[in-house]
Amino acid sequence: MALKNFGADINAVVFGAGGGLGGAFVEALAAEDAVARVHAVSRILPDVASAKVTGHACDPLDEAALERTVAAVTVDGPIHLAIIALGILHGDGIAPEKTWRQVDADVMARVLAINTIAPTLIAKHVLPALAKDRKTCLAALSARVGSIGDNRLGGWVSYRASKAALNMTIRTFAIELARVNPKAAFVGLHPGTVETGLSQPFRGGVPEGRLFTPERSVAGMLSVIDDADRVTSGRVFDYAGAEIPF
């Protein structure tokens, strides 16, 4: 049991449920006794394997679709836990840059759209729908390489920039959130290197014991979410609860 501080009858929603980590979040939440409903959201209507889970198809860059989805998620009441598990690192002509000479405007715009703009729009519509009478949390998947202070290797400029910008969205929205919903938190999460399609081409140098299954990473992140509060809101933590500097 990962969620001990939310109370019962949790209404949860996972955006990016079609991905490896998003799907693992859906499965983990559906297995929690305290969770009453899990809404699994992805661009293509996801398959569901539990009576607790309801699937929704939604393009996160389409605000009208987001409005409809949030309205459907809140039919039975406000949201208590929301997770944004969107992200792109490579694919369809997209690859992390090794040098500034490889920067391409169209590729960078696509990475920023998926990794920064889409989560920002989701947060715009989800934060007002969080319950105000109890602990609630919105969490978004960030990445350690989005830390400006921790950048010692260079490269991967589009991905780094997109996650650094997402971190600023989290910090900025958390400040406003504290004014209107003091019991809510908005945090960023670094999942570690996980056995998903996103990390597949980049696992060669991962130290032994540091390549995680989606289930292990999600369990750690849910523990961080369970501890999130007004004090930690607006900050970014890894799967083990260690804070990542901006």
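Residues numbered from 1 in each chain as written. Predicted model: local features only at pLDDT ≥ 70, side-chain atom pairs only at ≥ 80, totals over all residues. Heavy atoms only, no water.

### A closer look at the overall build of the protein chain
Right, on to step 1. Check the secondary structure of the protein chain and you find 5 helices and 9 strands.
Right, on to step 2. Along the protein chain, helices (α) and strands (β) appear in the sequence β-α-β-β-α-β-α-β-α-β-β-β-α-β when read from the amino end.
Right, on to step 3. Computed over C-alpha atoms, the radius of gyration of the protein chain comes to 17 Å, within 12% of the 18 Å expected from 2.2 N^0.38 for 246 residues, which places it in the range of a compact globule.
Right, on to step 4. Along the first, second and third principal axes, the C-alpha atoms of the protein chain reach 50 × 35 × 35 Å.
Right, on to step 5. For the protein chain, buried positions account for 50% of its 246 residues.
Right, on to step 6. Excluding contacts between residues fewer than 6 apart, the proportion of contacts in the protein chain whose partners are at least 24 apart in sequence is 68%.
Right, on to step 7. Looking at the protein chain as shown, the accessible area adds up to about 11,400 Å², and 55% of this sits on carbon and sulfur atoms.
Right, on to step 8. On the protein chain, the mean spot of the 24 positive side-chain charges and the mean spot of the 25 negative ones are 6 Å from each other. (Helix = DSSP H or I, 4+ residues; strand = E, 2+ residues; numbered from the N terminus. Rg over C-alpha atoms; globule rule 2.2 N^0.38 Å. Buried < 20%, exposed > 50% of the residue type's maximum accessible area, 1.4 Å probe, protein only. Contact = heavy atoms within 4.5 Å. Areas by Shrake-Rupley, 256 points an atom, 1.4 Å probe, with all protein chains shown as cover. Lys, Arg positive; Asp, Glu negative; His and termini not counted. Charge placed at Lys NZ, Arg CZ, Asp CG, Glu CD.)

### Looking at empty space enclosed by the protein
Rolled over the atoms, a probe with the dimensions of a water molecule shows which regions are left empty.
Right, on to step 1. Taken as a whole, this structure holds 1 cavity of 30 Å³ or more when the rule is applied.
Right, on to step 2. When its volume is computed, the largest cavity comes out at roughly 50 Å³.
Right, on to step 3. Taken together, Ile-88, Leu-89, Ile-94, Ala-95, Pro-96, Glu-97, Val-107, Val-111, Trp-156, Ser-158 and Tyr-159 form the lining of the largest cavity.
Right, on to step 4. Secondary structure elements with two or more residues in the lining of the largest cavity: helix H3 (105-126) and helix H4 (157-180).
Right, on to step 5. Taken together, the residues of the lining of the largest cavity break down into 9 nonpolar, 1 polar and 1 charged. (1 Å grid on protein atoms, 1.4 Å probe; cavity = no way out; pocket = protein on both sides within 12 Å on 5 of 7 lines; lining within 4 Å. Points joined across faces, edges and corners; volume = space filled by probe spheres on them. Nonpolar A, V, L, I, M, F, W, Y, C, P; charged D, E, K, R; others polar.)

Bear in mind that shape data such as this cannot, by itself, settle questions of function.
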